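What follows is the residue order along each chain.
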Amino acid sequence: MYEEISISMEQASDAKVLIISVAAKLAGMHPQTLRQYDRLGLVQPGRAGGGGRRYSVRDVALLREVQKLSQEEGVNLAGIKRIIGLEQLAGDLQERTAELQAQLEAAYQRIAELETLAAYPGRDLVRRERPSTALVVWRPRRPGEN
């Protein structure tokens, strides 16, 4: 009769299901304050079929942070908007850094695999340790030299 639906915790926290009065109560603010933050772009609610605002659990956590910065830290709304934007950027950059580190580690792993298959086993194609300060001089072979 009912279909089983499987969603992740991240998907659940992003689901825009809370009406404005519930979201405001959970965030500890008046619904009109929440509407003001919406107008300022601090949160972006979803819209229901009839046009009503819908908020997610993640939005409520963000609204709590806005309240904390405003009331406890004395930061104005423009400052809060900037802080939130920078925190989002920092989070995005951390995710990208983790992705790049994983790619780099996969590349090192592939190099290690190739080194074991190379004609000169044990020869390092890529060094992970500090590079040597030795100078190598290459001289062309003269005819008749072995």
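Summarised in this report is the structure supplied together with it. This one's a predicted model, so the numbers in the text were calculated from it and none came from an experiment.

1. Some details on the pattern of salt bridges
Side chains carrying opposite charge are able to pair once their charged atoms draw close together. Within this structure, the stated rule accounts for four salt bridges. Across the pair Asp59 and Lys16 runs a salt bridge whose closest N-O atoms are separated by 2.7 Å. With Asp59 in helix α4 (residues 57-72) and Lys16 in the loop between α1 (9-14) and β1 (18-19), the pair connects residues that are 43 residues apart, well separated along the chain. Using a relative accessible area of 9% as the deciding quantity, one classes Asp59 as buried. Overall, Lys16 belongs to the partly exposed group, its relative accessible area being 33%. Note that Glu99 is salt-bridged to Arg96, the shortest N-O span being 3.2 Å. With Glu99 and Arg96 both in helix α5 (residues 77-117) and three residues apart, this pair spans about one turn of that helix. A relative accessible area of 41% means that Arg96 is categorised as partly exposed.

2. Regarding the sheet that holds strand β3 (residues 53-55)
Taking strand neighbours across the sheet as the criterion, the three strands line up as β1-β3-β2 in an open arrangement whose pairing is antiparallel. A single partner strand is all that each edge strand has here, and the edge strands are β1 and β2 (46-47). Relative to β3, β1 is paired through two bridges, and the arrangement is antiparallel. Looking at β3, one finds that Leu18 is bridged to Tyr55.

What counts, and where the lines are drawn
- In this convention, every chain numbers its residues from 1, walking through the sequence in written order.
- Reporting of local features is limited, given that this is a predicted model, to residues whose pLDDT is at least 70; pairs of side-chain atoms are given and counted only at 80 or more, and all residues count toward the totals for whole chains, interfaces and linings.
- For the side-chain quantities, the full set of heavy atoms in the structure was used; hydrogens and water were omitted.
- Whenever Lys or Arg places a side-chain nitrogen within 4 Å of a carboxyl oxygen from Asp or Glu, that contact is recorded as a salt bridge.
- Starting at the N terminus, helices and strands are each numbered in turn, a helix being any DSSP run of H or I of at least four residues and a strand any DSSP run of E of at least two.
- Only protein chains enter the accessibility calculation, which uses a 1.4 Å probe; a residue whose area is less than 20% of its type maximum is buried, one above 50% is exposed, and one in between is partly exposed.
- Strands qualify as paired when DSSP identifies two bridges or more between them.

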